[in-house]
Amino acid sequence: MNPSQLVDIQSINREIILDIKYATNNNFLKQKVYPEPRCVLRYGTAKKLAQIQENLKQKKLGLKVYDCYRPLSVQRQMWKVVPDENYVANPTQGSRHNRGAAVDLTLVDGNGQELEMPSQFDEFSGKSRRSYNGGTVRSRQNRQLLEDAMKQQGFTGLVTEWWHFDAAGWEVYPVTDVPFNKIAQN
Ligand SMILES: C[C@@H](N)C(=O)N[C@H](C)C(=O)O
Ligand SMILES: [Zn+2]
């Protein structure tokens, strides 16, 4: 398959847990901005994520994704609510999520329970910084574990958000505004 094809992660790996916050009202926009809870990524990015899930399984851990591909029109909605490039990419340049090459995620244990992290997802505060030295030792260890697992497959984290990772080569994929219902599920 062409690495730039947009694919549903469930067609690649069914064990990655989905908790797509923007398909619910429980997010910083306080409204559902995705029609359905799907994790769509470029095929090249999806394959790397599936490999990370496989690697983590050996440690009785796994991935839970909060967000993957995000249409540019949703990025514009986000920017209206939080016009702060520390936390939301400016839609004039587009987010790496708009390219299908970024993912927001956390770690889960063997029962699918989230591991403790230094902040909540989309908590736009200093606690979300990758360098935040507060919180419990365990939460910082878990954050490091996630970063190490992602780095092994070439993902790079954002300094302001422990949950956000960009795939290597994200810049080759175009900023995209295709709605989810135009992307095949399998
Ligand atoms: C909104 C947040 N989850 C996020 O993904 N922020 C980065 C900076 C983005 O918009 O690309
Ligand atoms: Zn993100």
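Cut-offs applied
Residues numbered from 1 in each chain as written. Chains lettered and ligands numbered in written order. Predicted model: local features only at pLDDT ≥ 70, side-chain atom pairs only at ≥ 80, totals over all residues. Heavy atoms only, no water. Core = buried A, V, L, I, M, F, W, Y, C linked by side-chain atoms within 4.5 Å. Buried < 20%, exposed > 50% of the residue type's maximum accessible area, 1.4 Å probe, protein only. Helix = DSSP H or I, 4+ residues; strand = E, 2+ residues; numbered from the N terminus. Contact = heavy atoms within 4.5 Å. Near = heavy atom within 4 Å. Polar contact = N/O pair within 3.5 Å; in protein donor to acceptor, adjacent residues only side chain to side chain. Areas by Shrake-Rupley, 256 points an atom, 1.4 Å probe, with all protein chains shown as cover. UniProt positions renumbered as here; feature names shortened; annotations may be inferred. Pairing = 2+ DSSP bridges. Axes fitted to C-alpha atoms, helices over the stretch in contact; angles between N-to-C directions. Donors = N, O, S within 2.8 Å, 3.2 Å for Na, K, Ca; no water.

### Points about the nonpolar core
Phase 1: In terms of nonpolar packing, the biggest core is built from 48 residues, with Leu49, Leu63, Val65, Val103, Leu105, Leu146 and Met150 touching the most fellow members.
Phase 2: The greatest single-element share of this core, amounting to five residues, is contributed by helix H1 (residues 43-57).
Phase 3: Residue contacts for Leu146: discarding those within four places in its chain leaves Leu63, Leu105, Thr106, Leu107, Met117, Trp162 and Phe165.

### Regarding the site of ligand 1
Phase 1: Close to ligand 1 lie 15 residues, the nearest being Arg70, Tyr87, Ala89, Ser95 and Asp122.
Phase 2: Contact between ligand 1 and Asp104: a nitrogen atom at 3.0 Å from a side-chain N or O atom of the residue.
Phase 3: The protein chains hide 97% of the 320 Å² of surface that ligand 1 would expose on its own.
Phase 4: Per element, the largest residue contribution to the shell around ligand 1 is three residues, and it comes from strand E7 (residues 161-166).

### Points about the UniProt feature "binding site: Zn(2+)" (unreviewed entry) in the protein
Phase 1: UniProt tags His97, Asp104 and His164 as "binding site: Zn(2+)" (unreviewed entry). Spatially, the listed residues are clustered: although they cover 68 residues, their C-alpha atoms lie within 9.6 Å of one another.
Phase 2: Within the secondary structure, Asp104 sits in strand E5 (residues 102-109).
Phase 3: Judged by its relative accessible area of 2%, Asp104 is buried.
Phase 4: Each residue touching Asp104, except ones within four places of it in the same chain, is listed here: Tyr22, Lys64, Val65, Tyr66, Asp67, Arg70, His97, Phe121, Trp163 and His164.
Phase 5: Within the secondary structure layout, His164 lies in strand E7.

### Examining the sheet that holds E7
Phase 1: Spatially, E2-E4-E5-E7-E6 is the arrangement adopted by the five strands of the open sheet, whose pairing is mixed. Either end of the sheet is taken by a strand with one partner, and the two such strands are strand E2 (17-18) and strand E6 (156-158).
Phase 2: The pairing of strand E4 (residues 61-67) with E5 spans six bridges and is classified as antiparallel. For Leu63, the partnering residue across the bridge sits in E5 and is Leu107.
Phase 3: Here H1 sits on the sheet and contacts E4 and E5; the angle it forms with E4, its principal contact strand, is near 145°.
Phase 4: Set on the sheet, helix H3 (residues 137-151) makes contact with E4, E5 and E7; between it and E5 the angle comes to about 125°.

### Details of the environment of Ala102
Phase 1: Mapped onto the secondary structure, Ala102 falls in strand E5.
Phase 2: Sequence separation between Ala102 and Pro3 is 99 residues; the distance between their C-alpha atoms is 14 Å.
Phase 3: When near neighbours in sequence (up to four residues on either side) are disregarded, Ala102 contacts Leu41, Asp67, Cys68, Arg96, His97, His164, Phe165 and Asp166.

### Quick notes on the coordination of the zinc ion (ligand 2)
Phase 1: Distances from the zinc ion (ligand 2) to its protein donors, namely His97 (NE2), Asp104 (OD), Asp104 (OD) and His164 (ND1), fall within the range 1.9 to 2.8 Å.
Phase 2: Each donor residue of the zinc ion (ligand 2) lies on one chain, and together they are spaced H-x6-D-x59-H. Placement of the pair is Asp104 in strand E5 and His164 in strand E7, with a sequence separation of 60 residues. In this structure, Asp104 and His164 share a single accessibility class: buried.

### Describing the UniProt feature "site: Transition state stabilizer" (unreviewed entry) in the protein
Phase 1: Residues given the UniProt feature "site: Transition state stabilizer" (unreviewed entry) here are Arg70.
Phase 2: Tracing the backbone shows Arg70 in the loop between E4 and helix H2 (72-81).
Phase 3: What makes Arg70 buried here is its relative accessible area of 5%.
Phase 4: Dropping the residues within four chain positions of it, Arg70 is found in contact with Tyr22, Tyr34, Gln75, Met78, Ser95, His97, Asn98, Asp104 and Thr176.

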